[in-house]
Every structure is written in structure tokens, then in C-alpha cells.
Amino acid sequence: MTKGRKFGLAPAGFALILCAVAVVFSLSVAGCAQTSPYVIATSTIAVNSGSAAVVPADTSNEADEPILTIKKRVDEVNVLFIATDRHGKFVRNLNQNDFSIFDDHKPVESILNFRRETDLPIELGLLMDVSGSVQGRFGFEKEAATGFLQHIIRPGYDRAFVVGFNKESHLTQDFTDQVPLLAAGVQRMKNGGGTALYDAVYKACQEKLLRDQFDHPIRKAIVILSDGEDNQSEHTRGQAIEMAERAEVLIYAISTDDSGLILRGDKVLEDLASATGGRAFFPYKMKDITRSFAAIEDELRSQYDVSYKPSDFDADGRYRSIQITALKKDLQVRARRGYYAPRQ
């Protein structure tokens, strides 16, 4: 009696089972390979009690979800914006009658909701340039970024993720509300290599922040630390901005250049920030980096939230501009420039 017959399996049947196992195994490996586009750190770190916590979050269900699903009325637009006086200080006591809102160059049909939102939950991505060009102040920048996360992330309320990028994007900590995990993700970064800034922005918006509406109002923001010099990206600057607009993400940028000169990367950071309603900072001294983080934190707690119904709206997928202006001449408004209508 052969071994196959001893276990009640004919040789042909045994071969079929081996083939089936091989197919299932190969499909499983392929599925795992497509779980995340990031290069993900696999180390573990201790939090408080000393127990190990795996850095990447479980994203097994996300791969099955559509990128964009319309859950609310498609003709409702939501915009977060800030108002400042002529000295750049935030003005937090205005109401909807203090503003004029145009959508696609036409007055909006109606204001559905207007709120002063100083305490909205935050979904934040920290993107740090780890290329060779940022070596000079890299250690201090990591410390400043860690301090920023400690101040702005409230456990049980806000969440953040951390990405270091050179020619690739490395997810060193997935979404979490645990600051020790985020701080460890920052400290694990090592610098060197080229710079793919546009790819990092595009991927962070598409893979982490592009969702349909949440159950409650929420702020989505990316904070970039980089000199803005991109030399490795497959995506263009315009494509990175478009993906940020589709994800309704505010981009804040802090320049790592300390030359004191106006360089090409400065314009890149300005474009990314201004198109999305954020702001770019150009700190010359190292202590100014900490001040830039503090200014971003203050701004994220000083926003207005308006929902409106546009005039002559079509769900045709095209880009529509947004223009919000203050009726008082000495006030300035900063908001994203527009959005892409959903397509039905």
C-alpha cells in the first residue's frame, strides 16, 4: 500500500489538492501585497505599560471599500475657512451675514449651515522630507514635529499618521490617536536619497484622506516639512493639488531651507498650501520652526464651517471654483479655491 492510499487519497486526488492549495496560497500572497501602497515599517514599540504595539493599523477592510461613495445630497458643499484682520490675527466672532459666497462665479442658492468651529476633530497627516537635502536641521525638525503632535492630538478625539518620504513614501505610523506611537514614528526616520514630494502628497490624500462624508464635521489636514525641491515624483504638482482638492484636505507647509534665499521650492510649497486653503511658512531660525507649528495648531482651532447649496449645480464631475469674501474691507478670508463636483 502506498502512502497516498494509506491516508485514503489516490495519487491523482492528492495532486489536485496540492494544486488547489498552491492556487489559494498564491491568491493570498497577491491580496496581501495590495493591502497598502506604502513601504511600511514592521517594528514594534512599547507604550506606557511596556506591551508591544504593532505600528501599522489594520486596513484589511479598506481595500474592499470604494474610493468615493455619495452618502448625502450631492448638491451640498462644505467648506472650512478662516478670517483674519489686517494684522493677520484670527477673527472668531463673525456670522454668515459677514461673508459673501460665490460658487462657480455665481452667488450660492442658499446657506444650509454656518458654524464657528474651534474644536472640530482632526484627521492629520504629517509628511516629513527625509531626503539628503534636509540633513542640516533634521534632528531639530523631528523634535519640533513631535512636540506639535503632542499638543494637537487629543486621544479619543483626533487621529494622525506619519510618513517619511524621499524617492518613496514610508509609512512609519498609521492612523492612531496615541501620541507615543506617533512620536516613535517620527523618531524612526532616517534621512537620505532623492525627493518625491508630489507623490507623497498624492498618495497621502488618496490612500488616507479621500473618503466620503463623515458622521460629523471633521478637519482634514496635511503638514509638510520639506524644502519643496522635487526631483523624483511620477505625479505632477497639479495632480497632487487635484487629489488634495478631491479629498478636501488643507495643506500646511513648513520649509526646511535655511539659506535665506528665495528658491524654486518656496513657490512649490506656496502653491500646495494656497490652492487648498492652507498656509506656507518659511522659518529661517530653528526656533521659528516651533513657532510655525504653533501657528498651524492655532489656525486649525480657529475655523468657520459653512455648508451651502450652489446655484445651477450639475453632478457632472467638473471643477467648480469657490470664492468667500468678507464684507468688512479690513478682513481677509482664506479657503480652498474650489472642488470637483461628484459624477452621477
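Analysis parameters
- Residues numbered from 1 in each chain as written.
- Predicted model: local features only at pLDDT ≥ 70, side-chain atom pairs only at ≥ 80, totals over all residues.
- Heavy atoms only, no water.
- Helix = DSSP H or I, 4+ residues; strand = E, 2+ residues; numbered from the N terminus.
- Buried < 20%, exposed > 50% of the residue type's maximum accessible area, 1.4 Å probe, protein only.
- Pairing = 2+ DSSP bridges.
- Axes fitted to C-alpha atoms, helices over the stretch in contact; angles between N-to-C directions.
- Core = buried A, V, L, I, M, F, W, Y, C linked by side-chain atoms within 4.5 Å.
- Contact = heavy atoms within 4.5 Å.
- Phe/Tyr/Trp six-rings, centres within 6.5 Å; stacked < 30°, edge-to-face > 60°.
- Lys NZ or Arg CZ within 6 Å of the ring centre and 35° of its normal.

Chemist: Give me the lowdown on the overall build of the protein chain, citing residues and values where you can.
Modeler: When you go through the protein chain residue by residue, the secondary structure sums to eight helices and 17 strands. Burial status across the protein chain gives 47% buried among its 344 residues.

Chemist: Kindly report on the sheet that holds strand β16 (residues 332-334), identifying the contributing residues and their values.
Modeler: Spatially, β7-β14-β4-β16 is the arrangement adopted by the four strands of the open sheet, whose pairing is antiparallel. Edge positions in the sheet fall to β7 (110-117) and β16, since each has one partner strand and no second. On average, adjacent strands in this sheet sit at an angle of 30° to one another, irrespective of strand direction. Direction of pairing for strand β4 (residues 77-84) relative to strand β14 (residues 303-309): antiparallel, over a ladder of five bridges. Bridging from a neighbouring strand, L80 pairs with D305 of β14.

Chemist: Tell me about the nonpolar core, and please be specific about residues and values.
Modeler: Core analysis: the largest hydrophobic core is formed by 31 residues, its most contacted members being L127, L197, I222 and I224. Elements supplying a minimum of two residues to this core: β9 (159-165), β10 (169-176), α5 (197-209), β11 (219-226), α6 (237-247), β12 (250-255) and α7 (264-276). With eight residues, α5 is the single largest residue contributor to this core. Those residues in contact with L127 that sit more than four places away from it in its chain are F161, V163, F165, A200, V201, A204, I222, V223, I224 and L225. Judged by nonpolar contacts, the second largest core, of 30 residues, contains V130, A144, L225 and I296.

Chemist: Tell me about the environment of G125, and name the residues and values.
Modeler: Tracing the backbone shows G125 in strand β8 (residues 122-129). Those residues in contact with G125, other than ones at most four positions away along the chain, are F161, A221, I222 and V223.

Chemist: Summarise the sheet that holds strand β15 (residues 319-326); cite the residues concerned and give the values.
Modeler: The four strands are arranged β6-β5-β15-β17 in an open sheet whose pairing can be described as antiparallel. With one partner strand each, in any of the chains shown, β6 (106-107) and β17 (338-340) form the two edges of the open sheet. Judged from the five bridges that link them, strand β5 (residues 99-103) and β15 form a sheet pairing that is antiparallel. From the neighbouring strand, S100 faces β15, where its bridge partner is T325.

Chemist: An account of the packing of aromatic side chains is requested, with residue identities and associated values reported.
Modeler: With the rule as written, the count across this model stands at nine aromatic pairs. The interplanar angle of 80° and the centroid separation of 5.0 Å between the aromatic rings of F81 and F99 together place this pair among those described as edge-to-face. Highlighted residues: F81 in strand β4 and F99 in strand β5, separated in sequence by 18 residues. Taking relative accessible area as the criterion, F81 reaches 1% and is therefore assigned buried. In textbook terms, an aromatic cluster arises when at least three aromatic residues are bridged by ring pairs, as seen for F81, F99, F114 and Y304. Its end group placed over the ring of F175, R159 keeps NZ or CZ at 4.1 Å from the ring centre. R246 extends its terminal NZ or CZ atom over the ring of Y340, reaching a point 3.9 Å from the ring centre.

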